[in-house]
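Fold and geometry: a report
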Amino acid sequence: MGFRSWLRERFSRSAQRKHRAKAPGATRAHESRPEIAPGFPLDEWEEVPAYLPVDPAEHLPACIIASAIAAGAQEESKLVVKRVSVANPEHQRVAVIATALGAGALEKSSFAVKRIYKQKDMEGTQSDAA
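Right, let's walk through the structure included here. All figures in this text were calculated on a predicted structure; none of them were measured in a lab.

1. Focus: helix H4 (residues 60–71)
- The terminal C-alpha atoms of H4 lie 16 Å apart, and with 12 residues this matches the ideal 16 Å at 1.5 Å per residue to within 8%.
- Regarding H4, the residues found buried are Cys63, Ser67 and Ala71. End-on, the buried residues of H4 take up no more than an arc of 60°, which puts them together on one face. In H4, the exposed positions angled more than 90 degrees off the buried face are occupied by Pro61, Ile65 and Ile69.
- In the core, the buried residues of H4 are packed alongside strand E5 (84–87).
- Immediately downstream of H4, the backbone of Gly72 shows phi near 65°, a positive value.

Next comes the structure, spelled out in structure tokens:
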């Protein structure tokens, strides 16, 4: 084992996590629940999809036009539309608001929204539809 590999093993994040887990008083029950972020258990949140599925039969003209544009001048080409999706307006709205708040006054900043979660309705709470 070389000096660099010893340093890497000694100071890596995984080694620090292992050291914290072995420390007395570490809570094992909290670590066993998967989390989307520290303090936010996965079973209490659901992911908001970026795109919603749509029945291709309802959008046949759009599928035909998209296929014709993609084929271009090659008449012998074949294009199969496997899935038609529409952008989720809820996902778009939250992404725009989150990036605007994150950017603040820094106009040169850029963000990539990877996932958006919303809290699941808990049993015993009233919903807006009721």
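So that's the structure; there's more coming.
2. Examining the packing of aromatic side chains
- Going through the model one piece at a time under the given rule, you end up with one aromatic pair.
- Where Phe40 meets Trp45, the ring centres are 5.7 Å apart and the plane angle is 75°; that geometry is what we call edge-to-face.
- A relative accessible area of 40% means that Phe40 is categorised as partly exposed.

3. Side note on a nonpolar patch on the surface
- A surface patch of nonpolar side chains, about 230 Å² in accessible area, is lined by Ile36, Phe40 and Leu42.
- Looking at where Leu42 falls in the secondary structure, it is placed in the loop between strand E2 (40–41) and strand E3 (45–47).
- The exposure class assigned to Leu42 is partly exposed, which follows from its relative accessible area of 39%.

4. A look at helix H5 (residues 89–103)
- The first and last C-alpha atoms of H5 sit 21 Å apart over 15 residues, in line with the 21 Å expected at 1.5 Å per residue.
- Buried within H5 are the following residues: His91, Ala95 and Ala103. Projected down its long axis, H5 carries its buried residues within an arc of 80°, all on one side. In H5, the exposed positions angled more than 90 degrees off the buried face are occupied by Arg93, Val96 and Leu101.
- The N-cap of H5, judged by a side-chain oxygen 3.2 Å from the amide nitrogen of Glu90 a few residues on, is Asn88.

5. Things to note about the environment of Val94
- Structurally, Val94 can be placed in helix H5.
- According to the relative accessible area criterion, Val94 is partly exposed, its value standing at 37%.
- When the C-alpha atoms of Val94 and Val113 are compared, they prove to be 9.6 Å apart, with 19 residues separating the residues in sequence.

Reading the values: the criteria
Residues numbered from 1 in each chain as written. Predicted model: local features only at pLDDT ≥ 70, side-chain atom pairs only at ≥ 80, totals over all residues. Heavy atoms only, no water. Helix = DSSP H or I, 4+ residues; strand = E, 2+ residues; numbered from the N terminus. Expected span 1.5 Å × (residues − 1). Buried < 20%, exposed > 50% of the residue type's maximum accessible area, 1.4 Å probe, protein only. Arc of directions from axis to C-beta. Contact = heavy atoms within 4.5 Å. Phe/Tyr/Trp six-rings, centres within 6.5 Å; stacked < 30°, edge-to-face > 60°. Patch = residues over 30% accessible without salt bridge, like charges linked within 9 Å, V, L, I, M, F, W, Y side chains within 5 Å. Areas by Shrake-Rupley, 256 points an atom, 1.4 Å probe, with all protein chains shown as cover. Salt bridge = Lys/Arg side-chain N within 4 Å of Asp/Glu carboxyl O. Polar contact = N/O pair within 3.5 Å; in protein donor to acceptor, adjacent residues only side chain to side chain.

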